[in-house]
Amino acid sequence: MDRFRMIFQYFQSNSESVMNGICGLLALASVKMYTCFDFSCPCLPQYNMVYGLGIMFIPPIILFLCGLILNRQSLVMLDEWRRPQGHRKKDLAVVRYMCSSIMQRAMVAPVVWIIVTLLDGKCLICAFSGSMDPEKFAGFANVTPAQVEQLLAKVPCKDDELMRNNTSRKAVSRYLRCWSQALGWSILLILIVAAFLARWLRPCFNQATLLQARHWSNYIDIEQKIFEETCCEHSRLFAHKCILHFFESMRQEIKLHNFNLPGEGERDEGEEDLLRGITDQDQVNKLLKTWYYDKPPLDVNQATQR
Amino acid sequence: MDKFRMIFQFFQSNQESFMNGICGIMALASTQMYSAFDFNCPCLPHYNMAYGLGILLVPPFILFLLGFVLNNNISMLAEEWRRPQGQRGKDPAVLRYMFCSMAQRAMIAPAVWVSVTLLDGKCITCAFCTSVPVETLGNASHPLLSQGEIERVLARIPCKEIYNGQELIANEVAVRYLRCISQALGWCFVLLMTTLAFLVRSLRPCFSQAAFLKSRYWSHYIDIERKLFDETCAEHARSFAKVCIQQFFESMSTDLVAAHCHLPRKTSEDAGEASKKLLGITDQGTMNMALKSWHRCKPPLHLHPPALPSGNGWAGEGQPPVHPSTPRRETAAYYSLV
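All values derive from a computational prediction rather than experimental measurement.

Visitor: So what about the overall build of chain B? Which residues, and what values?
Guide: Helices and strands together make up the secondary structure of chain B, namely 12 helices and 0 strands. In chain B, the succession of helices and strands from N to C terminus is α-α-α-α-α-α-α-α-α-α-α-α. Split into buried and exposed, the 338 residues of chain B put 40% on the buried side. Of the contacts made within chain B by residues no fewer than 6 positions apart, 73% connect residues no fewer than 24 positions apart.

Right, dumping it as structure tokens:
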């Protein structure tokens with residue numbers, strides 16, 4: 001009983017912390033991915049925007065889906081949502097609670113990616129350098145419109161031969177980076193204020209319902225884990241019984257066929273049990289062969305199988 | 001029993017996490033392999049494509065097969081698939097479940113290799129550098145270059161040191177273009193894989209959850225049963241060996257008594273445990289004989305009940321090791337003390 005309780009408490013406290021841990025790991029992984037990723041803007045007029053915005057938005061979608069996949073609770077929630085009603089009523093508030101907690105955790109890594117991207121600035125510079133107004137910058141004033149497009153598209157590429165020492169390139173770069181970082185910090189501020197308000201104001205609304213929903217969602221999670229463990233335990237015992245019956249039936253068969261009166265003499269009780277009446281090379285071979293060719297049926301009700 | 005149970009729970013709960021661990025290790029190994037691999041584009045017109053696509057596609061195939069090889073359950077699946085039906089029905093759903101879960105795990109390392117390769121860009125740059133659109137990106141009107149010449153020049157794009165087509169198309173422009181395409185493909189591939197994984201995982205509870213639970217239970221059962229059977233056989237083998245060896249020593253000692261007409265040694269009460277363990281062999285010569293006959297003529301794999309008269313079961317030299325079908329085999333071969 002005591003052990004059961006210990007295990008219970010372990011699962012209770014650790015389900016949430018495991019989820020939080022995975023969430024944190026994914027956020028770190030997203031930062032690492034960004035630093036490892038070799039951002040290389042194509043510096044071509046139509047491709048820049050697609051590339052820049054693609055790098056800003058596709059990895060967050062991937063990270064969000066990963067966050068949903070790696071979260072064990074999402075399966076539990078889906079199971080609870082789709083199960084037939086049967087004898088147990090379904091409480092949609094619990095499903096909603098689970099859904100919202102899963103979504104919140106899954107959103108952390110994508111948001112981290114977007115913010116890191118904006119604060120770094122390369123994506124926005126790549127995406128929007130072609131949309132700059134050339135009149136604002138001195139270096140692009142005396143150039144034909146077609147060439148302007150090409151030049152602006154090459155702004156993100158510092159090493160390009162045309163752009164290497166162009167001061168207007170640096171001006172455009174700085175301008176876009178400034179916007180990008182401002183956007184990044186603003187988004188971060190808004191999100192943190194929103195999280196703060198949500199956490200502070202939540203107890204003012206429906207606290208009782210929330211406590212109930214949280215309790216029952218925890219319960220469903222633990223129940224699922226214990227069911228799986230009980231099934232494992234059961235299959236182990238089932239297998240044990242099945243194998244014992246198999247050995248027993250082999251022993252019976254040998255007795256029948258050999259008309260052997262085994263002198264159950266003074267051999268050790270323990271050894272006799274372990275030998276289970278199989279004391280011969282042929283008998284062992286027969287046992288192994290029968291195990292492969294003719295596995296016993298999955299039925300441990302019968303005392304003997306033949 | 002309790003220890004058994006603890007070990008089992010460890011295995012059961014950890015079988016999945018063990019497999020997941022191997023899966024993760026292989027994914028890391030595949031990124032490590034890629035970074036350690038020294039990619040060397042040949043920079044020749046037809047070899048580029050073969051090399052680039054080969055590096056993109058052959059290692060994932062190897063990693064996929066390796067994923068199956070390293071998975072212990074593959075032999076279990078094969079055994080369950082091929083066994084004769086006998087008294088136990090075969091459920092194809094269980095086989096499908098086992099195969100799917102193994103295949104899913106084996107797919108991760110190849111997918112990681114392909115993503116890392118595409119996101120890095122070297123392979124695609126190498127494979128498709130001859131297909132760069134020179135008209136839009138460079139100077140298509142460069143005079144006096146035949147198609148073959150242009151191809152040869154373009155093929156050298158990945159090798160900056162020997163690239164001589166700067167007037168045709170700038171090296172950086174071409175590389176950036178190809179790398180952009182490669183990275184776009186890479187991200188799309190990762191997105192596709194993740195979406196597939198998400199759909200597979202989330203649609204399953206909506207359909208056939210009961211069948212899934214059943215298949216999972218029975219596939220775990222087959223695994224546990226196999227392990228338990230192996231353990232029971234190992235236990236049995238141990239007891240078999242112990243009794244066989246005991247009987248060997250006993251019959252040796254009995255034979256010696258018969259050959260030497262010694263009075264049967266009476267183990268005095270106070271000699272106790274130690275002399276019992278000596279099994280009747282108490283001098284160097286006898287021990288040497290025992291060791292020699294153990295090597296030259298092992299006893300048959302047949303444990304006779306201990307109440308049978310002495311001299312039985314001791315096969316002297318030259319007697320072939322037998323498979324006795326009748327337990328009362330009278331082997332009247334006496335060992336001579338030479």
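Visitor: Provide a residue-level description of the interface of chain B and chain A, including the pertinent values.
Guide: Across the contact, 63 residues belong to chain B and 72 residues belong to chain A. For the pair chain B and chain A, the summed buried area comes to about 6,500 Å², and 64% of that belongs to carbon and sulfur atoms. In terms of surface lost to chain A, no three residues of chain B exceed Arg176(B), Trp187(B) and Phe229(B), which account for 12% of the buried area on that side. Linking chain B with chain A are 2 salt bridges. Arg179(B) is the salt-bridge partner of Asp38(A), the closest N and O atoms lying 3.0 Å from each other. Taken together, the links from chain B to chain A amount to 8 residue pairs in polar contact (both at pLDDT 80 or more). Taken together, the elements giving at least two residues each to the side of chain B that touches chain A come down to helix H1 (2-36), helix H3 (73-82), helix H9 (171-203) and helix H10 (209-260) of chain B. Broken down by class, the residue content of the side of chain B that touches chain A amounts to 32 nonpolar, 17 polar and 14 charged.

Visitor: Please set out the UniProt feature "transmembrane region" (unreviewed entry) in chain B residue by residue, giving values where relevant.
Guide: Residues and elements named next belong to chain B. Those places that UniProt annotates as "transmembrane region" (unreviewed entry) correspond, in this numbering, to residues 21-37, 49-70 and 184-203. A distance of 32 Å separates the end C-alpha atoms of residues 49-70, which is 95% helix and 0% strand. Measuring from the first to the last C-alpha atom of residues 184-203 gives 28 Å, for a span that is 100% helix and 0% strand.

Visitor: Requested: an account of the pattern of salt bridges, with residues and values cited.
Guide: Residues and elements named next belong to chain A. Summed over all chains, the structure comprises 16 salt bridges over all chains. Across the pair Lys122 and Asp120 runs a salt bridge, and its minimum N-O distance is 3.5 Å. Under the relative-accessibility criterion, Lys122 is labelled partly exposed at 34%. A residue is classified by how much of its surface remains accessible, and Asp120, at 25% relative accessible area, is partly exposed. Several salt bridges share partner residues, and in doing so they unite Arg72, Asp221 and Lys225 into one network.

Visitor: Which residues make up the state of the cysteines, and what values go with them?
Guide: What the rule picks out here adds up to 4 disulfides over all chains. The disulfide partner of Cys41(A) is Cys126(A), and the gap between their sulfur atoms is 1.8 Å. Across the S-S bond linking Cys41(A) and Cys126(A), the dihedral sits near 85°, which makes this disulfide right-handed. With a gap of 85 residues between them, Cys41(A) in the loop between helix H1 (2-36) and helix H2 (47-70) and Cys126(A) in helix H5 (residues 122-128) connect regions that are remote in the sequence. Pair check on accessibility: Cys41(A) and Cys126(A) agree, each one buried. The disulfide partner of Cys43(B) is Cys159(B), and the S-S distance across this bridge is 1.7 Å. One disulfide, between Cys43(B) and Cys159(B), carries an S-S torsion of 90° and so falls in the right-handed class.

Visitor: Describe the packing of H2(A) against H9(B), and please don't skip the residues or the numbers.
Guide: At a minimum axis separation of 10 Å, H2(A) and H9(B) run at an interaxial angle of 25°. Comparing the axis directions of H2(A) and H9(B) gives the class roughly parallel. H9(B) is crossed by H2(A), and the crossing has left-handed handedness. Contacts between H2(A) and H9(B) involve Tyr47(A), Tyr51(A), Ile55(A), Ile58(A), Pro59(A), Ile61(A), Ile62(A), Leu65(A), Cys66(A), Leu68(A) and Ile69(A) from the former and Tyr177(B), Cys180(B), Gln183(B), Trp187(B), Val190(B), Leu191(B), Thr194(B), Thr195(B), Ala197(B), Phe198(B) and Arg201(B) from the latter. Residue classes in the contact of H2(A) with H9(B) are distributed as 18 nonpolar, 3 polar and 1 charged.

Visitor: Tell me about H3(B), and please be specific about residues and values.
Guide: Among all positions of H3(B), only Asn73(B), Met76(B), Leu77(B) and Glu80(B) are buried. Considered in projection along H3(B), the buried side chains sweep an arc of 100° and stay on one side of the axis.

Visitor: Lay out the packing of aromatic side chains in plain terms, naming residues and giving numbers.
Guide: Residue and element names in this part refer to chain B. On inspection of all chains with the given rule, the structure shows 22 aromatic pairs over all chains. Taken together, a centroid distance of 5.2 Å and an interplanar angle of 65° make the contact between Phe39 and Tyr51 edge-to-face. Residue Phe39 is located in the loop between H1 and helix H2 (45-69), and its partner Tyr51 is located in helix H2; the two are separated by 12 residues in the primary sequence. Judged by relative accessible area, which is 14%, Phe39 ranks as buried. Owing to a relative accessible area of 24%, Tyr51 belongs among the partly exposed residues under this scheme. Here Phe68 and Phe99 contribute two aromatic rings whose centre-to-centre distance is 6.2 Å and whose plane-to-plane angle is 20°, an arrangement assigned as stacked. Within this pair, whereas Phe68 is found in helix H2, its partner Phe99 is found in helix H4 (residues 92-106), the two being separated by 31 residues in sequence. For Phe68, a relative accessible area of 12% gives the class buried. Residue Phe99 is classed as partly exposed on the basis of its relative accessible area, which comes to 43%.

Parameters and conventions
- Residues numbered from 1 in each chain as written.
- Chains lettered and ligands numbered in written order.
- Predicted model: local features only at pLDDT ≥ 70, side-chain atom pairs only at ≥ 80, totals over all residues.
- Heavy atoms only, no water.
- Helix = DSSP H or I, 4+ residues; strand = E, 2+ residues; numbered from the N terminus.
- Buried < 20%, exposed > 50% of the residue type's maximum accessible area, 1.4 Å probe, protein only.
- Contact = heavy atoms within 4.5 Å.
- Buried area = accessible area lost by both parts, 1.4 Å probe.
- Salt bridge = Lys/Arg side-chain N within 4 Å of Asp/Glu carboxyl O.
- Polar contact = N/O pair within 3.5 Å; in protein donor to acceptor, adjacent residues only side chain to side chain.
- Nonpolar A, V, L, I, M, F, W, Y, C, P; charged D, E, K, R; others polar.
- UniProt positions renumbered as here; feature names shortened; annotations may be inferred.
- Disulfide = S-S within 2.5 Å.
- Axes fitted to C-alpha atoms, helices over the stretch in contact; angles between N-to-C directions.
- Parallel < 35°, antiparallel > 145°, perpendicular 65-115°, else oblique.
- Left-handed = near helix turned anticlockwise from the far one by under 90°.
- Arc of directions from axis to C-beta.
- Phe/Tyr/Trp six-rings, centres within 6.5 Å; stacked < 30°, edge-to-face > 60°.

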